[in-house]
Amino acid sequence: MRIVLLGAPGSGKGTQAQRLQAKYGVPQVSSGDLLRDAVARQTELGMKARAAMEAGQLVSDEIVLGLIRERLGRPDAQNGFILDGFPRNSDQATALARLLEEIGQPLETVLLMDVRTKTLIERMAGRRVCRSCGAVHNVTSLPAPNAPCTKCGGELYQRPDDKEEVIAKRLDVYQSQTKPLIEHYQKLGQLKVIKGEGTLDLITARMEAALAKPQVKAEPKPAPVKKAASEKKPTARPAASSPVAQPVQAAASKVAKIPAKKAAKKTARKKAVVKAARKKVARKAAKKAIKKVLKKIKKSAKPAARKVVKKPVKKVVHKAVKKAARKKIGKKAARKK
Ligand code: AP5
Ligand code: MG
């Protein structure tokens, strides 16, 4: 298994990566953990990375790529890996593709953890990490706010970059630098989106299901073929020049002005507007026909009979005439065609 976990800070990449590594027997390779380790050991690299990390900024590509290259070269990563938090921008994505090609381990899937911003903030603000075993907890699920690690009893601490002011910066950096990778991997046909909210088990199950499904490569959609006029089905719609068709066309032209970004909704709306316009036309025609019929009846009926005839006829005729008017519109259109 060779996958990347993509997602905003706090989306659960680390938590889920640990679960997946236990199930699939491939290591979690977290750029954040590698950097935190370098900082804790006060290596030269760590000293360089520290300021950027504490400010919520990205550490230089050169440093991170060096760490990832070294980590993927270790024996436990020869049968696959779960990359967590890397790549983080388009240059890193390009560098990763090159590196994986070099080592003959091409990427299979990118799982995007989709989580609302409000939840991300709550998760990061409540995260506590164990100093001894590195387990990640959250105050919301600990027995008490200052409880020790539920796995090893070690002391829990808050990551310096989980302070409120840094959280905002990290979310900004994600939006501007990491989010574009979604489109990048979508185009490559490697992206699968996972709803990242719910219980840990539920999310793990979603990820496992997504990984079990064969990857469907995104292929460019063929341009829609325009049907020749002769191929089109004959319809009973009003002809373009018909006065009946004019309100329909006017309504349709309004729809045509809808901005391109609403293209997805356009067709549905267009249909609705055209349908409404057609209904209006039919109603008008029916009213006109009713008036005509009533006039005829009035003329032909004897003065005494008029009162009796007027009301019931209006009711009975209404439906029939409406139907007839609709038919008439249809016939007219068909004749024109
Ligand atoms: P990094 O450590 O990668 O942090 P991140 O991407 O900001 O993500 P987090 O680790 O904060 O969140 P996560 O998605 O792993 O969520 P977690 O599982 O912990 O990076 C830190 C810094 O290092 C960066 O800011 C940058 O400076 C630098 N860096 C790292 N990689 C870099 C790169 N490639 N290039 C340049 N710089 C880089 O969960 C969060 C919390 O939510 C936990 O408390 C957890 O218990 C809880 N939680 C998780 N899932 C659930 C759930 N389903 N329900 C309830 N709670 C949950
Ligand atoms: Mg993490």
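Values in this document were obtained by computation on a predicted structure and should not be read as measured data.

This next bit is on the sheet that holds strand S7 (residues 156-157). Strands sit in the order S6-S5-S7 across an open sheet of three strands; the sheet is antiparallel. In this open sheet, the two edge strands, each paired with only one partner strand, are strand S6 (136-138) and S7. Relative to S7, strand S5 (residues 127-130) is paired through two bridges, and the arrangement is antiparallel. When the bridges of S7 are listed, Val129 appears paired with Tyr157.

This part is about the site of ligand 1. In the vicinity of ligand 1 lie 32 residues, with Thr15, Ser31, Gln57, Arg127 and Arg170 positioned nearest. For ligand 1, a nitrogen atom lies 2.9 Å from a polar atom in the side chain of Gln92. Between ligand 1 and Arg123, the relevant distance is 3.4 Å, taken from a nitrogen atom to a side-chain nitrogen or oxygen of the residue. The protein chains hide 92% of the 1000 Å² of surface that ligand 1 would expose on its own. Looking at the shell around ligand 1, the elements with two or more residues in it are helix H1 (13-24), helix H2 (31-40), S6 and helix H9 (200-212). Ranked by residue count, the leading element in the shell around ligand 1 is H2, at four residues. Tallied by class, residues from the shell around ligand 1 come to 11 nonpolar, 13 polar and eight charged.

With that settled, consider the packing of aromatic side chains. With the rule as written, the count across this model stands at zero aromatic pairs. Between Lys23 and the ring centre of Tyr24, over which it is positioned, the NZ or CZ distance is 5.7 Å.

Formed by 37 residues in total, the largest nonpolar core has its most connected members in Leu35, Val59, Ile68, Leu72, Leu83 and Tyr185. Here this core takes five residues from helix H4 (residues 61-72), the largest share from any one element. Ile194, Ile203, Met207 and Leu211 belong to the second largest nonpolar core, which has 14 residues in total.

Glancing now at the pattern of salt bridges. Applying the stated criterion across every chain, the model contains 17 salt bridges. One salt bridge connects Arg41 with Asp37, and the closest N-O pair in it is separated by 3.0 Å. Judged by relative accessible area, which is 54%, Arg41 ranks as exposed. Residue classification places Asp37 among the partly exposed residues on the basis of a relative accessible area of 37%. Close ionic contact of Glu197 with Arg116 constitutes a salt bridge, the shortest N to O distance being 2.7 Å.

Sheet strands pair by backbone hydrogen bonding; their relative direction is either parallel or antiparallel. Spatial ordering of the open sheet is given by S2-S3-S1-S4-S8, a layout of five strands whose pairing is parallel. Single-partner strands in this sheet number two, and they are strand S2 (28-30) and strand S8 (191-195). Ignoring which end each strand starts from, the neighbouring axes of this sheet average 25° apart. Summarising the sheet, strand S1 (residues 2-7) and strand S4 (residues 109-114) pair through five bridges and their orientation is parallel. Of the residues in S4, the one forming a bridge with Leu6 is Leu112.

Procedures and definitions
Residues numbered from 1 in each chain as written. Chains lettered and ligands numbered in written order. Predicted model: local features only at pLDDT ≥ 70, side-chain atom pairs only at ≥ 80, totals over all residues. Heavy atoms only, no water. Pairing = 2+ DSSP bridges. Helix = DSSP H or I, 4+ residues; strand = E, 2+ residues; numbered from the N terminus. Near = heavy atom within 4 Å. Polar contact = N/O pair within 3.5 Å; in protein donor to acceptor, adjacent residues only side chain to side chain. Areas by Shrake-Rupley, 256 points an atom, 1.4 Å probe, with all protein chains shown as cover. Nonpolar A, V, L, I, M, F, W, Y, C, P; charged D, E, K, R; others polar. Phe/Tyr/Trp six-rings, centres within 6.5 Å; stacked < 30°, edge-to-face > 60°. Lys NZ or Arg CZ within 6 Å of the ring centre and 35° of its normal. Core = buried A, V, L, I, M, F, W, Y, C linked by side-chain atoms within 4.5 Å. Buried < 20%, exposed > 50% of the residue type's maximum accessible area, 1.4 Å probe, protein only. Salt bridge = Lys/Arg side-chain N within 4 Å of Asp/Glu carboxyl O. Axes fitted to C-alpha atoms, helices over the stretch in contact; angles between N-to-C directions.

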